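Chain residues, written in single-letter form:
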Amino acid sequence: MKKIGITTTVPVEVLMAAGYQPVDLNNVLVTDPNPGRLIAIAERAGFPLNCCSWIKGIYGVCLDYGIEHILCVTGGDCSNTVMLMEVLRLKGLNAIPFAYPDRPDPSLMRTALEGLAAALGTTLEAAEGVREQLHEGRDLALKLDELTWRRNTVSGKENHLWLVTASDFNQDYRKYCRELRDRLEAPPTRPPYPAGELRLAYIGVPAVYAGELYDFIEKHGARVVFNEVQRQFAMPEPGADLASQYANYTYPYSIQDRLKDIKAELPRRNIDGVIHYVQAFCHRGIGDIVFREAVGRPVLTLEGNDDFFLNTHVKTRVEAFLDMLERSRQLLKQKTSLRRL
Ligand code: SF4
C-alpha cells in the first residue's frame, strides 16, 4: 500500500479503502530518536520560531521520511495546517485537504466523507467495509482503557500509547491487533495499582514530553486513568455507520462537545484532578479558560514546546499539584470523620 501521512486522526477507513496505508505524522515525530532535528528542518525552511512544534515536526517528517502524499486536516484541527499544506505543495508533495464539518452532524459528516472518498477514487461503501475490519482493534484498545480505570492493571503511559496509536494502528492494523490481543491475554506482570492512589485525567492534545510525564506522575503516587483525546482516537462511540462514528468523535468539534464526554468520564473514573496540556503557540491554549470553569475538578495546566523531556519547572509544578490534591483529600477525610463523631 502507498503511504499517506495524516496530520491528525482522520477517517482512515476511506484512505485504506483507496489503497493507502495511513501514517500518523505526529507519532512518527515523537518516536524519532531525535525529533529536534525534524523541527530544525522546518525552521531552516522558514517556519517561524513561534509556530507550534507539531506543525514544524510534521513538515520535517514529510521531507525527511519521504512521505509524498499527505492528508491535511484544514477544519476541525488546526488552522496552521492550511499554511502547512501550501508549503508542502510548494515542495512538490501531494497535499490533500480534508475538513471536518463545523458541528457533529452525521449528514454533514457524510457529505465530507463522500467528498474525501471521491477525491481518493473510492466509495463510502468500500470504506464501510474497512470500518468493519477495524472494529476489533478499536474494541481491544477500549478494553485496555477499561482495565486502566476499572481494574487498575494498566499504567497511564501504556494506556496513552495504545490509544494514541489507534489513529493509524501503528501503520500495521493486523500487527496492532495481534500485539494488543497478546497483551490483554497475557498473565498480569504486576499487582493492580493501589486503590487509594490519586486518579488523574489528562485532557488536551498529547504532550511532547508524554514519554516521561506518565512515569513521573506514577513515581509520585498518582496515575492517569483517563486520556481524553487519545481515547477518542479509538472511537468509543462508533455509531451505526462511518458518518455517525466521525460525528461522535469529539476532538474536531467545540469545547462544549468535548466537555460532554469529559464530564461523563470524570465521575465514572473517580477523578481527583485534571491535567490540561496545551502546546506553546497553539490556539487551543485559549480553551483552557473554558475547561477550568467547566470541569469541576482542580486543574493543572501544563505547556510544552519543543522539549521532549520533562524539565525541572514542569516537574515541580506536577509535584505541587499532586501534593495539593493529596492534602485536600486528607482534609476531606478528616472533616468526614469529625462529622461522624
Ligand atoms: S498543537 Fe495546536 S497549533 Fe499545534 S498542530 Fe495541534 S492544533 Fe495545531
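Look up: the structure comes first, before these words.
What counts and how
Residues numbered from 1 in each chain as written. Predicted model: local features only at pLDDT ≥ 70, side-chain atom pairs only at ≥ 80, totals over all residues. Near = placed C-beta within 6 Å. Nonpolar A, V, L, I, M, F, W, Y, C, P; charged D, E, K, R; others polar. Buried ≥ 20, exposed ≤ 12 C-beta atoms within 10 Å, placed from the backbone. Helix = DSSP H or I, 4+ residues; strand = E, 2+ residues; numbered from the N terminus. Arc of directions from axis to C-beta. Contact = placed C-beta atoms within 7 Å. Expected span 1.5 Å × (residues − 1). Pairing = 2+ DSSP bridges. Axes fitted to C-alpha atoms, helices over the stretch in contact; angles between N-to-C directions.

A.B. asks: How would you explain the site of the ligand if you had to name every residue and give the values?
C.D. replies: Taken together, Cys52, Trp54, Ile55, Asp77, Cys78, Asn80, Val205, Gln279, Cys282 and Arg284 make up the full set of residues adjacent to the ligand. Broken down by class, the residue content of the shell around the ligand amounts to six nonpolar, two polar and two charged.

A.B. asks: Please give an account of helix α10 (residues 210–219) that cites residues and values.
C.D. replies: Inspection of α10 places Ala210, Leu213, Tyr214 and Ile217 among the buried residues, and these make up the whole buried set. With its buried residues spanning 90° around the axis, α10 presents them on a single face. The inward-facing, buried residues of α10 abut α8 (156–164), β5 (198–203), β6 (222–227) and α15 (312–340). Glycine 221 lies just past α10 and shows a positive phi near 75°.

A.B. asks: Tell me about helix α4 (residues 53–64), residues and numbers included.
C.D. replies: The end-to-end C-alpha distance of α4, which contains twelve residues, comes to 16 Å, matching closely the 16 Å that a straight helix rising 1.5 Å per residue would cover. Counting buried positions along α4 gives ten out of twelve residues, so the element sits mostly inside the fold. Summarising the contacts, the buried residues of α4 are in contact with β1 (2–6), α2 (25–31), α3 (35–45), β3 (69–75), α5 (80–90) and β7 (273–279). Immediately beyond the C-terminal end of α4, within one or two residues, lies glycine 66, with a positive phi of roughly 65°.

A.B. asks: Could you give an account of the environment of methionine 109, with specific residues and numbers?
C.D. replies: When you line up the elements, methionine 109 lands in helix α6 (residues 106–120). Its 25 C-beta neighbours within 10 Å are what place methionine 109 among the buried residues. Sequence-wise, methionine 109 and alanine 99 are ten residues apart; in three dimensions their C-alpha atoms are separated by 9.5 Å. If we skip the residues at most four places from it in the chain, methionine 109 touches Pro101, Ala243, Tyr246 and Ala247.

A.B. asks: Go over the sheet that holds strand β4 (residues 94–99) with me, naming the residues and quoting the values.
C.D. replies: The strand order across the open sheet formed by four strands is β2-β1-β3-β4, and the pairing between neighbours is parallel. A single partner strand is all that each edge strand has here, and the edge strands are β2 (20–24) and β4. Between one strand axis and the next, the sheet turns by 30° as a mean value, whatever way the strands run. Pairing between β3 and β4: six bridges, direction parallel. Bridge pairing in β4 places histidine 69 opposite asparagine 94. Seen against the sheet, α5 touches β3 and β4 and runs at an angle of roughly 150° to β3.

It is worth stressing that arrangement in space is one thing and function is another; only the former is reported here.
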